[in-house]
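Results of the structural survey
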Amino acid sequence: MFEIFGIPSNALFGQLLIGLINGSFYALLSLGLAVIFGMLNIINFSHGAQYMLGAFVAYLILQYSGLGYWPALVIAPIVVGISGVIVERLFLQWLYKLDHLYGLLLTFGLALIIEGIARNFFGSAGLPYTVPESLRGGQNLGFMFLPNYRAWVIVASLTICFGTWFVIERTRLGAYLRAATENPTLVRAFGINVPRMITLTYGFGVALAAVAGVMAAPIYNVSPQMGSELIIVVFAVVVIGGMGSILGAIVTGFGLGVIEGLTKVFFPEASNTVIFVIMAIVLLVRPAGLFGRRA
Amino acid sequence: MRKTLGLAALAAILACGTANAQQINVKIGVLSDMSSLYADIGGPGSVAAAKMAIADYTKDHPNVKVELVSGDHQNKPDVGTNIANQWFDVDKVDMIIDVPNSGVALAVSQVAANKNGIFIVSGAAASTLTGEKCNANTVHWTYDTWMLANGTGKAMVKTGGDTCSSSPPTTRSVTRSRPTLRRWSRRTAARCSARSVPLNTNDFSSFLLQAQSSKAKVIGLANAGGDTINSIKQAAEFGIVKGGQSLAGLLVFSSDVNALGLQTAQGLALTETWYWDANDTNRAWTKRWQTERAAANKYPTMIHAGVYAGILHYLKAREAIGAGAADGKTVVAKMKSIPTDDTLFGKGAVRADGRVTHPAYLFEVKKPEESKYPGDFYKLRATIPADEAFRPLNEGKCPLVSG
């Protein structure tokens, strides 16, 4: 065993892997944000609340119908995605032509309302949710103990992230979407229902948040404030990656998870701030973000 | 004989007459976290407990009239200080109670001292409130960091934990962590290693992994609320308890155990001063509390019980002083001179430094199969008598204690 900066290599590898796992959550959440911002030009501040809703719906499904983690992983994103579609139809569609600020304020208000309602009915302490039977236990990798559930989170998150990236950047559907963002009038002239596509895109972005919420439920505390605690970091990730850049959101999500993990080894006190320090530096050097295009 | 009885009756009537004439009006303010992470351990539940205490006291003492107000400090010391100032100055509140979050409580304690008001702490943990930062206007009920570390630490050593590694200490405010750990290591005479972790961390796996590789027998969690829940949940995931290490929570409330579920929390050792299911009196009180709080599936925490007991003792002392104005220092001095006695905490005393002493209990979280009904969380492992549960009077460095 060798040492790197006085830290045993074993411990370091363990922390790198842990960082990657946390990065999976950052990537999943920032991906949804990037999709919504890139396609709708809405800064979706209720993303954290929708992530929380995903976890809560999973809990409610378990309580009232006895269905466990796997069905919840499918049902909860659909339910929350539909709620997103309703929000888009009722409120957001009127705001596209206005300044970003209005969308931000509306979604921020929605987030506060959703959190308030959840707190009113479920309290602030949290709700129990356990790891599914099939993913209990873990593997001893020699340098660390890797719980099976965490391994699943990495695999699932990577698959979803790169699947989404592929659909938007490499398929015909994605091309329509991107074209609709650039010039909606022209795309409509080709006979494509742009408003419906935008609505479904928002629903999809929200569903991504809910997927992250369900995946977080067995390992994080399921409480009304779980989203607001995470969302600030996720916004920093999106800003560093470049607003609206899908690949940027994925790469910085995983990358910052790893950097945060390393900070926890070398200087734990700074682990909550390191992402914001990076954000400040990136904004000074590249105001459009690492992967962003200059407007 | 008949004559004596008649005289006694006459005396009783006369006594009632004078008592009625001595109308006492007080105003109590419950200052708590109403809408954020401590809203379940204090918050609206504390207001419910306060209402019950007032109803119980005024039923037997109709000459005491109590008005109740409540406020949300949002876990911000500046907001808490503003409300406290306004209550003492403008709204003429006589006594402020509860205040979870040590940072806010220390600030409010200072306001109470400056305005010569009264502050009874139930929700906050910092033992400095009756230590270096004590004052003649503050009384600390329910629990503190010294007592938690002492109770849990000692017991862990008894059950074989001779080495310890405390995983995430930094908590609500700096006042909590370091003295707690120092205390723990001293009380247990064990080797401890400590890791500081920022407040409101979502993922503890990194620190847990370090604690796991340290091979410490006991991993102490010097954090609170959501942070504790996250760390215990993730410790279970990493197989820490299964691997032979045990977890000790320095500050765990029954609401946290409820949030974790027994499957995850089983075996956890923790110290509390009041548990809803400990005896019939507590169970009856809980039933009333649930009605008052309009929440049949919630269970009161020791903080709620502390608010109830604190208000009863305050009203007792206030009435003993009699009608007319009574400033904060006088009432607190009276509270210290009469022993405490209530149905929830039993007999105890308010010490010169403001610390209320009563027994503490070491609990262990039950296994899922041992739990018979909802809310059946703990089994009692040890009772720590009142004189051993809290920091000795002369060790707190409180300026009010001479010598």
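Just so we're clear, the structure is a prediction, and the values are computed from it rather than from any experiment.

In terms of regular secondary structure, chain B is built from 14 helices and 15 strands. Out of the 403 residues belonging to chain B, those deemed buried represent 56%. Put simply, of all contacts in chain B between residues at least 6 apart along the chain, 72% involve residues at least 24 apart.

With that out of the way, let us pick up the nonpolar core. Core analysis: the biggest nonpolar cluster contains 207 residues, and Val108(B) and Ile311(B) have the highest contact counts within it. Once residues lying within four places of it in the same chain are set aside, the contact partners of Val108(B) are Leu31(B), Gly80(B), Thr81(B), Ala84(B), Ile96(B), Val99(B) and Phe119(B).

The next subject is the packing of helix 9 (residues 226-241) of chain A against helix 11 (residues 274-285) of chain A. Residue and element names in this part refer to chain A. Where helix 9 contacts helix 11, the two axes come as close as 9 Å, and the packing angle between them is 25°. Here helix 9 lies roughly parallel to helix 11, going by the angle between them. The handedness of the crossing between helix 9 and helix 11 is left-handed. Here Val 233, Ala 236, Val 239 and Ile 240 of helix 9 come into contact with helix 11, specifically with Ile 275, Phe 276, Ile 278, Met 279, Val 282 and Leu 283.

Attention now goes to helix 2 (residues 43-60) of chain B. All names here are of chain B. Its 18 residues give helix 2 an end-to-end C-alpha distance of 27 Å, which sits within 8% of 26 Å, the value for a rise of 1.5 Å per residue. Within helix 2, burial applies to Gly 43, Pro 44, Gly 45, Ser 46, Val 47, Ala 48, Ala 49, Ala 50, Met 52, Ala 53 and Ile 54. Elements in contact with the buried residues of helix 2: strand 1 (24-32), strand 2 (64-72), strand 3 (95-98), helix 11 (280-293) and helix 12 (302-321).

Attention now goes to unusual backbone geometry. Residue and element names in this part refer to chain B. At Lys 92, a residue that is not glycine, the phi angle is positive and equals roughly 55°. If you trace the backbone, Lys 92 turns up in the loop between helix 3 (77-89) and strand 3. The class for Lys 92 is exposed, based on 12 C-beta atoms found within 10 Å. Phi is positive for Asp 98, close to 90°, though the residue is something other than glycine. Note that Asp 98 resides in strand 3. Looking at Asp 98, the number of C-beta atoms within 10 Å reads 36, which means it is buried.

Reading the values: rules and limits
Residues numbered from 1 in each chain as written. Chains lettered and ligands numbered in written order. Predicted model: local features only at pLDDT ≥ 70, side-chain atom pairs only at ≥ 80, totals over all residues. Helix = DSSP H or I, 4+ residues; strand = E, 2+ residues; numbered from the N terminus. Buried ≥ 20, exposed ≤ 12 C-beta atoms within 10 Å, placed from the backbone. Contact = placed C-beta atoms within 7 Å. Core = buried A, V, L, I, M, F, W, Y, C linked by C-beta atoms within 7 Å. Axes fitted to C-alpha atoms, helices over the stretch in contact; angles between N-to-C directions. Parallel < 35°, antiparallel > 145°, perpendicular 65-115°, else oblique. Left-handed = near helix turned anticlockwise from the far one by under 90°. Expected span 1.5 Å × (residues − 1).

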